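# Tertiary structure, described
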Amino acid sequence: MSLGDAKRLIVKVGSALLVDETTGKLRRAWLEALADDIAALRERGTEVIIVSSGAIAMGRRLLGLDHRTISLADKQAAAATGQISLSQVWQEALHRNGLIMAQVLVTLEDMESRQRYLNARGTLNALLDRGAIPLINENDTVATAEIRFGDNDRLAAKVAHMISADMLVLLSDIDGLYTADPRKNPDAKLIPEVGELTPEIMSMAGSAPTMYSSGGMVTKLLAAEIAMKSGCRMMIARGTIYHPLKAQLDGGLHTLFTPLETPLAARRHWIATSLSARGAIVIDAGAVKALRAGKNLLAPGITTLQGSFKQGDAVRVLDCDGHEVARGLSAYSAEETRQLLGHNSHDIEPILGYSRGNAIIHSDDLVLAENQA
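### Let's talk about the overall build of the protein chain
Along the backbone of the protein chain there are 14 helices and 13 strands. In terms of C-alpha radius of gyration, the protein chain reaches 23 Å, essentially the compact-globule figure of 21 Å for 373 residues. Looking at the protein chain as a whole, 50% of its 373 residues are labelled buried. For the protein chain, the computed accessible surface area is about 17200 Å², with 50% contributed by carbon and sulfur atoms.

### Quick notes on the sheet that holds strand S8 (residues 254–257)
Ordered in space as S3-S4-S2-S1-S5-S7-S8-S6, the eight strands form an open sheet in which the pairing is mixed. Pairing within the sheet leaves two strands with one partner each, and these edge strands are strand S3 (101–106) and strand S6 (193–194). Where S6 lies against S8, two bridges are found, and the strand directions are parallel. Bridge assignment links Glu193 to a residue of S8, and that residue is Leu256. Across the face of the sheet, helix H6 (residues 114–129) comes into contact with strand S1 (8–13), strand S2 (47–52), S3 and strand S4 (133–138) while running at roughly 150° to S4. Those strands touched by helix H7 (residues 152–162) are S1, S2, S3, S4 and strand S5 (167–172), and its axis lies near 170° from that of S1.

### Comments concerning the environment of Ala280
Tracing the backbone through its elements, the reader meets Ala280 in strand S9 (residues 279–283). A relative accessible area of 3% means that Ala280 is categorised as buried. The spacing of Ala280 and Asp181 is 99 residues in sequence and 54 Å in space, taken between C-alpha atoms. Apart from residues lying up to four places away in sequence, Ala280 is in contact with Leu305, Gln306, Phe309, Arg316 and Leu318.

### Some points on the pairing of S5
Regular strands have side chains that alternate between both faces of the sheet. With six of six residues buried, S5 lies mostly within the body of the structure. Along S5, one buried face is formed by Met167, Val169 and Leu171 and the opposite face, lined by Leu168, Leu170 and Ser172, is buried too. Judged from the four bridges that link them, S1 and S5 form a sheet pairing that is parallel. If you follow Val11 over to S5, its bridge partner there is Val169.

### Structural notes on the sheet that holds strand S10 (residues 302–307)
Reading across the sheet, the five strands line up as S10-S9-S11-S12-S13 and stay open at both edges, with mixed pairing between neighbours. With partners counted over all chains shown, the strands left at the sheet margins are S10 and strand S13 (366–368), one partner each. Adjacent strand axes in the sheet meet at a mean angle of 25°, parallel and antiparallel pairs treated alike. Bridge count for strand S12 (residues 324–329) against S13 is three bridges, and the pairing is antiparallel. Among the inter-strand pairings, Gly328 is bridged to a residue of S13, identified as Leu366. The strands touched by helix H12 (residues 285–292) within the sheet are S9, strand S11 (314–318), S12 and S13, with S9 carrying the most contacts at an inclination of about 105°.

### A short note on unusual backbone geometry
You will see that Ser164, though not glycine, has its phi angle at about 55°, which is positive. Locating Ser164 in the fold gives a position in the loop between H7 and S5. Judged by its relative accessible area of 26%, Ser164 falls in the partly exposed class. Even without glycine at this site, His243 takes up a positive phi of about 55°. Note that His243 resides in the loop between strand S7 (233–238) and helix H10 (244–249). For His243, a relative accessible area of 30% corresponds to the partly exposed category.

### Overview of the pattern of salt bridges
If you walk through the whole model with that rule in mind, you get 13 salt bridges. A salt bridge links Arg121 to Asp365, with the shortest nitrogen-to-oxygen separation between them at 3.6 Å. Of the two residues, Arg121 sits in helix H6 while Asp365 sits in the loop between helix H14 (348–352) and S13, which places them 244 residues apart along the sequence. By relative accessible area, which is 16% here, Arg121 ends up buried.

Analysis parameters
Residues numbered from 1 in each chain as written. Predicted model: local features only at pLDDT ≥ 70, side-chain atom pairs only at ≥ 80, totals over all residues. Heavy atoms only, no water. Helix = DSSP H or I, 4+ residues; strand = E, 2+ residues; numbered from the N terminus. Rg over C-alpha atoms; globule rule 2.2 N^0.38 Å. Buried < 20%, exposed > 50% of the residue type's maximum accessible area, 1.4 Å probe, protein only. Areas by Shrake-Rupley, 256 points an atom, 1.4 Å probe, with all protein chains shown as cover. Pairing = 2+ DSSP bridges. Contact = heavy atoms within 4.5 Å. Axes fitted to C-alpha atoms, helices over the stretch in contact; angles between N-to-C directions. Salt bridge = Lys/Arg side-chain N within 4 Å of Asp/Glu carboxyl O.

Geometric values such as these leave the question of function open.
Below is the structure:
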């Protein structure tokens, strides 16, 4: 599968691509060319999320912090200053193509806290559903050395897992993963596809030479590990050229990391094997039939609840005889669900005052029991 087949795409852009290292100025023409590529992908029906570095690089110049090593406090000050400019230039570039941008800042804590994770996931999905392009960056203004993602390669991979993206593109200053540093070894060969991150593959990353942007090839392979476990394909491709995504649509050089599962299959495997159930939902025969047909679990099909669970918790789904039919992630807590018993889906917002969708458990978040599949 190629870039053109992606339904939900994440594009990671590093500081070295956005900001000229010599002058510290924005490469505006390059950014506008990339925005044109994103607009073309949107025309093809691809949802696009951008993970962009550059806030600190832009803020350093604005604050006159030209020295290479700066303190954490200065980095946070530069991020606070530069994030405004970064968001503005992205907005201007995308607006030229009639696209709406939404800024989303995250920290590692947002990924580790279940409630924050669900809120961030819900926000990103809502933005995509409404046609906006989320622009994501780590919130360097408040993040400390102890709680940072460390680099936006891995941040992009974690976001890919969060929203079940099927393609992640890391734009770099090199065509992909080589058997050795091609600037030092003329016999180095590009590896076009990687299906498994073997020790041999990992050793090819070396010690992050300067030619590999700020994160280095090491962090790119760590990002590939996260993405592949999530069922997401990941591509390393040259981003220094104008229209780098169009170049890939036209068959440009790259390294493609291919997972064994799709994002949906990987997500269902995670639900089935990695999460402990917090409670149970008992459903009627009509709901059992609907789930086996691949439908969502709706409130009218629920008869009773067992135990207590929160939004996003894994729950067992039982038939009236107590047999486990499925297991899934509940969009509503036990308390909320009890209020919805006996009501139709369109009554959710009038009853609760808000809605997280008409499904108590969405089919994407539900795995049928093996003897029921």
